[in-house]
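Given next are the chains, with one letter for each unit.
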Amino acid sequence: MIVCVAVVGHQNNPLYIQSFTEADDALKLHHIVHCSLDVIEERVNNPKKSGTTLNEAFLGLLYPTVNYKVYGYLTNTKVKFILVTTDLDVRDTDVRSFFRKFHAAYVDAVSNPFHVPGKKITSRTFAQTVSNIVGSYGLN
């Protein structure tokens with residue numbers, strides 16, 4: 001089950017965070033997303049240690065916790081996508097597919113001429129598209 005998705009700007013500023021759980025968990029999920037930024041930065045700055053290549057956007061499993069698994073994706077413009085799930089046996093192909101669709105939705109949202117680059121994404125259409133993508137995976 002996907003419990004949280006986030007878009008974080010190239011200066012580590014949150015552009016969009018959506019949790020799909022009760023309000024009690026929202027703060028914990030924001031903390032998990034924030035902590036994952038350190039892991040992403042470490043992987044980008046030390047590609048030999050992490051085994052990922054810089055030309056690949058999918059960063060894979062960033063880190064597991066007791067209850068969650070956190071996955072990451074980095075765009076060419078250094079915008080980070082973060083996925084938090086409670087499923088402990090998720091296939092990488094499903095996560096890659098999710099991130100591709102999520103990235104397409106993000107591109108559509110920031111291509112809006114009324115969107116100010118670097119500011120929070122407030123589009124209701126983007127929020128609905130993200131909810132549809134999460135629902136289409138049967139993980140919510």
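Residues numbered from 1 in each chain as written. Predicted model: local features only at pLDDT ≥ 70, side-chain atom pairs only at ≥ 80, totals over all residues. Heavy atoms only, no water.

By the naming in an unreviewed UniProt entry, the protein chain is Trafficking protein particle complex subunit 2-like protein, taken from Arabidopsis suecica. Recorded in UniProt for the protein chain, the comment headed Sequence similarities (unreviewed entry) runs: "Belongs to the TRAPP small subunits family. Sedlin subfamily." (UniProt positions renumbered as here; feature names shortened; annotations may be inferred.)

Draft legend 1. The arrangement of helix α3 (residues 92-110) in detail. Along its 19 residues, α3 runs 26 Å from first to last C-alpha, staying within 8% of the 27 Å computed at 1.5 Å per residue. All buried positions along α3 are accounted for by V95, F98, F99, F102, A105, Y106 and A109. Projected down its long axis, α3 carries its buried residues within an arc of 125°, all on one side. Exposed positions of α3 whose direction lies more than 90 degrees from the buried face are T93, R100 and D108. Tucked inside the fold, the buried residues of α3 contact β1 (2-8), β2 (14-19), β3 (58-64), β4 (69-74), β5 (80-85) and α4 (124-136). (Helix = DSSP H or I, 4+ residues; strand = E, 2+ residues; numbered from the N terminus. Expected span 1.5 Å × (residues − 1). Buried < 20%, exposed > 50% of the residue type's maximum accessible area, 1.4 Å probe, protein only. Arc of directions from axis to C-beta. Contact = heavy atoms within 4.5 Å.)

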